[in-house]
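# Observations on the three-dimensional arrangement
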Amino acid sequence: MASFNTPTKNRSTEALLESLNLSTPAVLRDKTQSELAASNLTGYEAMRRIRDDAAQFRRDYSNWRKGGAQGAKGARGIKTDKGSNEYLKMAHNPLSEMTTAKKSWPLRRENLGKIGAVGELRVPTAAPKPTAFMAHLGVGGFHRSHQAYVTDVLLERAATRTVPTGFDDARRISYQQLGPGSGGQLDAGADDVWGILGVGLMPWDVKMYETLKKQDYMYTLLTRGTDGSAARVIQSIVDFLHVPEDPEKVLQRLCQPDVRIVSLTVTEKGYYRTADGHLDETNPLVAEDIKAWTANGLKQPKTALGLICTIAHRRKDAAGPFTVLSCDNLPMNGLTCKTATLEFAAKVDPALAAYLEREIPFPSSMVDRITPVTKPEQIELLKDEYGVEDGWPVVAEPFLQWVVEDKFAAGRPKWEQAASGLNESVLFVEDVEPYELMKLRLLNSSHSAMAYVSLLGGHVFVDEALGDIDVLTFLRAYMAEIVTTLVP
């Protein structure tokens, strides 16, 4: 069991406000207070630099939006369709370089060499050979931007026996020292290599199923930030099981002992709760699953709760326990998932409910990574700049923090050894709640507070608001006050 690392009492307020650095000019970043003071870059002067830098960015961005040929660094404009009001800020940062369009190829394993030869896209060098699996319900952008990504990094390390680029010296780990579950032991036979089985419950999941299947279950992850962009092909999803296509075949696969984790991102609606937090038995899908329960579970589950209970029912005297890991953006999501699952089980088989309570862990987790909906212009950008034709890529910010309660029944990947650099971290802790409170109070509440004052100040976009000294000063003061309410 990992130890719980609480935020230290001595951590400065400035360190807790690092999220604002995305709006800070380079001349002010990575300098100590004494260095800034020596260069007269403190106080109002620092605010002036931030304001001027943001104003220049807006001028460059406006020029680019109007189809101008040049931005701050020679960026060529991308025009939207006539009449479109879409802002392409995630599609192209005018402060980053763009090149002329390249030859492109469909994303398939046979084309990886050609795509990689373009030199802009990081591609895998070998097909994955997992020995342990996670089955994930709800394969969307959020799952693919964090869980599938860090699993892919471990797969890469298993194949290449290298530490990820940017892995800082303080956390550099020798492969001889990696424990079970890392996916990177030098002796491949002594360690599990983890892969992901995508699972689709609903008829509409067929779109993701068919897209990934056509691409040998690979996709592209594009991270974009103020300091540039990077893209890599992710291959940690090794298969996709579409329940409506062949329910019994899917259930048999999920009941194999090498499936050790069932994770899910099904949104809040996927837990079918009433306003007071209990199972909504009036929901048509829940009612259908309860009514259709047999001595062997469900023949075709319609809900995540029914699927989990069916797997547990079939495995309890054979393959044994597994872990149910909720990755949804809900406070204490593990407890939410457990409560709904146990209440469903109690309705169909009280003995199964007792087994779930006793043997199946439901760890909570918290994820922080902005992952907007993929837009057509981003698909075109990957084709033009990176030479890859991807039917459903994922775009995300460079920052990633994933905090997971370390409570697993049958092992887990060592995701904490996959994150690299200052912008990425995966933490295994005994209690996720303090980290959730930090996110809710510092991140989410500051977004709302900034929106209120920024709209009153006539701003539309975040970068505009953070270029306003009054807004930025208010936000820093607000966050400094909120910090005092967190667990020390």
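Below is a short write-up of the structure. (Residues numbered from 1 in each chain as written. Predicted model: local features only at pLDDT ≥ 70, side-chain atom pairs only at ≥ 80, totals over all residues. Heavy atoms only, no water.)

### Details of the packing of helix α9 (residues 284-292) against helix α11 (residues 333-348)
Put simply, the test is: Comment: axis = line fitted to C-alpha atoms, over the contacting stretch for helices; angle = value between 0 and 180 degrees taken between N-to-C directions. Strands are runs of DSSP state E lasting at least two residues, helices are runs of H or I lasting at least four, and both sets are numbered from the N terminus onward. Angle categories: roughly parallel below 35 degrees, roughly antiparallel above 145, roughly perpendicular from 65 to 115, and oblique for all the rest. Each crossing gets its hand from how the near helix is turned against the far one by less than a right angle, where anticlockwise is left-handed and clockwise is right-handed. By definition in these notes, contact holds between two residues if any of their heavy atoms fall within 4.5 Å. Each residue gets one label: Ala, Val, Leu, Ile, Met, Phe, Trp, Tyr, Cys and Pro are nonpolar, Asp, Glu, Lys and Arg are charged, and the others, such as Gly, are polar.
Between α9 and α11, the least distance of the axes is 9 Å, while the angle of their chain directions is 40°. Our classification of the angle between α9 and α11 gives oblique. For the crossing formed where α9 meets α11, the hand is right-handed. Judged by residue contacts, Val286, Asp289 and Ile290 of α9 engage Phe344, Lys347 and Val348 from α11. In the contact of α9 with α11, the residues fall into four nonpolar, no polar and two charged.

### Details of the sheet that holds strand β4 (residues 219-225)
To be explicit about the condition: Strands are treated as partners if at least two bridges between them are detected by DSSP.
The strand order across the open sheet built from three strands is β5-β4-β11, with neighbouring strands paired in mixed fashion. Each end of this open sheet is capped by a strand with a single partner; those strands are β5 (228-234) and β11 (394-396). Strand after strand, the sheet turns through a mean of 20° between neighbouring axes, direction not considered. Pairing of β4 with β11, which is carried by three bridges, proceeds in the parallel orientation.

### Some remarks on the packing of aromatic side chains
Inclusion rule: The criterion for an aromatic pair is that two Phe, Tyr or Trp rings (for Trp, the six-membered ring) have centres within 6.5 Å, with stacked assigned to planes under 30 degrees apart, edge-to-face to planes over 60 apart and tilted to the rest. Think of it in three bands: with a 1.4 Å probe and only protein chains considered, a residue is buried below 20% of the maximum accessible area for its type, exposed above 50%, and partly exposed in between. Here, a charge over a ring means that NZ of Lys or CZ of Arg falls within 6 Å of the ring centre while also lying within 35 degrees of the ring normal.
Taken as a whole and assessed by the stated rule, the structure comprises six aromatic pairs. The interplanar angle of 40° and the centroid separation of 4.7 Å between the aromatic rings of Trp402 and Trp415 together place this pair among those described as tilted. With Trp402 in strand β12 (residues 400-405) and Trp415 in the loop between β12 and β13 (424-429), the pair connects residues that are 13 residues apart, well separated along the chain. For the pair formed by Trp402 and Trp415, the shared burial category is buried. Here the aromatic cluster, defined as three or more aromatic residues joined through ring pairs, consists of Trp402, Phe408, Trp415 and Phe428. When the ring centre of Tyr219 is taken as reference, the NZ or CZ atom of Arg144 above it lies at 4.7 Å. If you follow Arg412 out to its NZ or CZ, it ends over the ring of Phe428, 3.4 Å from the centre.

### Points about the pairing of strand β3 (residues 194-200)
For β3, a buried count of seven out of seven residues is recorded, marking the element as mostly surrounded by other parts of the structure. Burial along β3 is two-sided: the residues Trp194, Ile196, Gly198 and Gly200 and Gly195, Leu197 and Val199 are all buried. The pairing of strand β2 (residues 132-137) with β3 spans six bridges and is parallel. Bridge pairing in β3 places Phe133 opposite Gly195.

### Details of the pattern of salt bridges
Rules: For this analysis, a salt bridge means a side-chain nitrogen from Lys or Arg found within 4 Å of a carboxyl oxygen belonging to Asp or Glu.
This model, assessed by the stated rule, comprises 15 salt bridges. Residue Glu405 pairs with Lys407 through a salt bridge whose shortest N-O separation is 3.4 Å. With relative accessibility at 35%, the residue Lys407 sits in the partly exposed group. With a shortest N-O distance of 3.1 Å, Glu416 and Arg412 are connected by a salt bridge. Look at the salt bridges and you will find they share partners, linking Arg122, Asp152, Glu156 and Arg232 into a network.

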